[in-house]
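Here are the chains, one letter per residue:
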Amino acid sequence: MTTTTNRLTLAEYIRYNDSTDTRYELVNGELIPMSLGTGKHGEIADFLNSEFRAEIQRTQQAWVSKQMVIGIQSPRAGRWDTVRVPDVVVLPLEQWRNLQDKEAIITLNETAPLLIVEVVSESTKRTDYRAKQAEYSVLEIPEYWIVDPLDSKVTILTLVDEWYEGAEFTGSNQIKSATFPNLQLTAEQVLRGN
């Protein structure tokens, strides 16, 4: 017996409502439920969002940092749409204002965000390291953080010649970010979420 999956377009995904609190990413037209993650996962995302906001305010950049409220349309190959919902997104304030009166999805024809953070969990590890890394590089997102509490490391990928070059940080190593060059955080602090 063959089962068929009802695939959605981007427009259908934007209108989709199953009357539950479940949040979904759209991957090749299929709705993929987003798990809540562990408390540690949420704590790390919240901590980084707060740190980024403080650094944005300190440096008086016209940027914002948002936690799990912005979708990023992906350029995955194939005929079906994909929309990722990163744990943290840093983008220009003007771009955020332009999302105020529509679904908060940055589409392929819009400027890429400045920085994206994904916090790894057992269920997302392969996707965060492989699929999203490829997708985000094609979108030309300048900086992609993979925070991996499972392997106790923070990987910062910086876009160079259309592909990411990575640097891994562990323990008391000071994080080095091109977007936030004066951010004073160690890998340990990020992985603890405080």
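The structure we're discussing is the one just above.
Everything numeric here is computed off the predicted structure, so don't read it as measured data.

Rules used throughout
- Residues numbered from 1 in each chain as written.
- Predicted model: local features only at pLDDT ≥ 70, side-chain atom pairs only at ≥ 80, totals over all residues.
- Heavy atoms only, no water.
- 1 Å grid on protein atoms, 1.4 Å probe; cavity = no way out; pocket = protein on both sides within 12 Å on 5 of 7 lines; lining within 4 Å.
- Points joined across faces, edges and corners; volume = space filled by probe spheres on them.
- Nonpolar A, V, L, I, M, F, W, Y, C, P; charged D, E, K, R; others polar.
- Pairing = 2+ DSSP bridges.
- Helix = DSSP H or I, 4+ residues; strand = E, 2+ residues; numbered from the N terminus.
- Axes fitted to C-alpha atoms, helices over the stretch in contact; angles between N-to-C directions.
- Contact = heavy atoms within 4.5 Å.
- Core = buried A, V, L, I, M, F, W, Y, C linked by side-chain atoms within 4.5 Å.
- Buried < 20%, exposed > 50% of the residue type's maximum accessible area, 1.4 Å probe, protein only.

Let's talk about the layout of surface pockets
Right, on to step 1. Reported here for the second largest pocket is a volume of approximately 390 Å³.
Right, on to step 2. What lines the second largest pocket is a set of 19 residues, among which Y13, R23, Y24, V85 and E103 lie closest to the centre.
Right, on to step 3. For the lining of the second largest pocket, a count of residues per class yields 11 nonpolar, 5 polar and 3 charged.

Concerning the sheet that holds strand β11 (residues 163-169)
Right, on to step 1. Within the open sheet, the 6 strands sit side by side as β3-β6-β8-β9-β10-β11. Their pairing is mixed. At either margin of the open sheet sits one strand with a lone partner, and together these are β3 (63-67) and β11. Within the sheet, the average angular offset between the axes of one strand and its neighbour, ignoring direction, is 15°.
Right, on to step 2. Two elements, strand β6 (residues 88-92) and strand β8 (residues 115-119), share 3 bridges in a ladder whose sense is antiparallel. The partner of V90 across the bridge, within β8, is L115.
Right, on to step 3. Along the sheet face, helix α4 (residues 125-138) touches β8, β9 (143-148), β10 (153-160) and β11 and points at about 180° away from the line of β9.

Considering the pairing of strand β2 (residues 30-33)
Taken residue by residue, a regular strand's side chains alternate between the two faces of the sheet.
Right, on to step 1. Pairing analysis gives 4 bridges linking strand β1 (residues 24-27) to β2, with the strands arranged antiparallel. Within β2, the residue paired with L26 across the bridge is L31.
Right, on to step 2. The antiparallel hairpin formed by β1 and β2 contains 2 residues in its connecting segment, where N28 sits at a positive phi of about 50°.

Re the nonpolar core
Right, on to step 1. With 23 residues, the main nonpolar core has L48, F52 and W145 as its most contacted residues.
Right, on to step 2. Contributions of two or more residues to this core are made by α2 (39-59), β6, β8, β9, β10 and α5 (187-192).
Right, on to step 3. Broken down by element, this core gets its largest block of residues, 6 residues, from α2.
Right, on to step 4. Discounting chain neighbours no more than four positions away, the residues touching L48 are V117, W145, V147, L185 and V190.
Right, on to step 5. Formed by 18 residues, the second largest nonpolar core is a distinct cluster that contains V89, L91, Y136 and I141.

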